[in-house]
Amino acid sequence: MKKKRGIKRDSRSFFHEDKNRYIMIVQGIIFIGFIYVCMYLIAELDSTELSVAILISPLAGLFILQTFVTGLEEWLLHRDKKRYWYDWSETIFVGLVFGLLLLTKG
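Note that the structure is a prediction, hence the values are computed from the model and not measured.

Caption draft 1: Examining the overall build of the chain more closely. Looking only at helices and strands, the chain features four helices and zero strands. Secondary structure elements of the chain occur, N-terminal to C-terminal, as α-α-α-α. Residues counted as buried form 24% of the 106 residues belonging to the chain. Look at the contacts in the chain between residues 6 or more apart in sequence, and 66% of them connect residues 24 or more apart. Accessible surface computed for the chain: about 7900 Å², of which carbon and sulfur atoms make up 67%.

Caption draft 2: Region of the structure containing the nonpolar core. Formed by Ile 23, Ile 30, Phe 34, Leu 62 and Val 69, the largest nonpolar core amounts to five residues. Listed by contribution, the elements that provide at least two residues to this core are α2 (21-43) and α3 (52-77).

Caption draft 3: Seen up close, the environment of Phe 68. Here Phe 68 is to be found in helix α3. Here Phe 68 falls in the partly exposed class, since its relative accessible area comes to 40%. Placed 21 residues apart in sequence, Phe 68 and Ser 89 show a C-alpha to C-alpha distance of 9.1 Å. Not counting residues within four places of it along the chain, the set of residues in contact with Phe 68 comprises Trp 88 and Thr 91.

Caption draft 4: Geometry of the packing of aromatic side chains. Counted according to the given criterion, the structure contains five aromatic pairs. With 6.3 Å between their ring centres and 20 degrees between their planes, Phe 68 and Trp 88 make a pair best called stacked. Of this pair, Phe 68 sits in helix α3 while Trp 88 sits in helix α4 (residues 84-103); the two residues are 20 residues apart in sequence, bridging distant segments of the chain. Judged by its relative accessible area of 23%, Trp 88 is partly exposed. Taken together, a centroid distance of 5.2 Å and an interplanar angle of 55 degrees make the contact between Tyr 84 and Trp 88 tilted. Of this pair, Tyr 84 and Trp 88 both sit in helix α4, four residues apart, which is roughly one turn of that helix.

Caption draft 5: How the structure looks around α2. Taking 1.5 Å per residue as the helical rise, α2 with its 23 residues ought to reach 33 Å, and the 33 Å between its terminal C-alpha atoms agrees with that figure. Looking only at α2, the buried set comprises Ile 23, Gln 27, Ile 30, Phe 34 and Leu 41.

Caption draft 6: Looking closely at a nonpolar patch on the surface. Residues Val 52, Leu 55, Ile 56, Leu 59 and Phe 63 make up a contiguous nonpolar surface patch of about 400 Å² in total accessible area. Tracing the backbone through its elements, the reader meets Leu 55 in helix α3.

Caption draft 7: Highlighting the packing of α2 against α3. Relative orientation of the contacting elements α2 and α3 amounts to 175 degrees, with a least axis distance of 10 Å. The angle between the axes of α2 and α3 places the two elements in the roughly antiparallel class. Across the interface between the two elements, Ile 23, Val 26, Gln 27, Ile 30, Phe 31, Phe 34, Val 37, Cys 38 and Leu 41 of α2 pack against Ile 54, Leu 55, Pro 58, Leu 59, Leu 62, Leu 65, Gln 66, Val 69, Thr 70 and Glu 73 of α3. Among the residues making up the contact of α2 with α3, the classes are represented as 15 nonpolar, three polar and one charged.

The rules behind each value
Residues numbered from 1 in each chain as written. Predicted model: local features only at pLDDT ≥ 70, side-chain atom pairs only at ≥ 80, totals over all residues. Heavy atoms only, no water. Helix = DSSP H or I, 4+ residues; strand = E, 2+ residues; numbered from the N terminus. Buried < 20%, exposed > 50% of the residue type's maximum accessible area, 1.4 Å probe, protein only. Contact = heavy atoms within 4.5 Å. Areas by Shrake-Rupley, 256 points an atom, 1.4 Å probe, with all protein chains shown as cover. Core = buried A, V, L, I, M, F, W, Y, C linked by side-chain atoms within 4.5 Å. Phe/Tyr/Trp six-rings, centres within 6.5 Å; stacked < 30°, edge-to-face > 60°. Expected span 1.5 Å × (residues − 1). Patch = residues over 30% accessible without salt bridge, like charges linked within 9 Å, V, L, I, M, F, W, Y side chains within 5 Å. Salt bridge = Lys/Arg side-chain N within 4 Å of Asp/Glu carboxyl O. Axes fitted to C-alpha atoms, helices over the stretch in contact; angles between N-to-C directions. Parallel < 35°, antiparallel > 145°, perpendicular 65-115°, else oblique. Nonpolar A, V, L, I, M, F, W, Y, C, P; charged D, E, K, R; others polar.

Keep in mind these values describe shape, not function.
Next up, the structure:
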């Protein structure tokens, strides 16, 4: 994307000073949901009967939701820099890989 569209990738952490407060709250809720689902899978369900795809689904969900929300933030606040293309392409890529894993009953 850097060569074709001239979009530069800036790495921004969760605690970056430009980060929107509401986006940080949404990402925190997503992370707490991830912890809850992981604990539910470990504590309540028998993990020996579950497939690998089901066991890693919270992690895939975390990546998909976090990158989508980050892309949405970039699109809403910094639309002119077009960095949201990187985040949304990551979202699509992780979703496709996870979907492929589900289809193969991994």
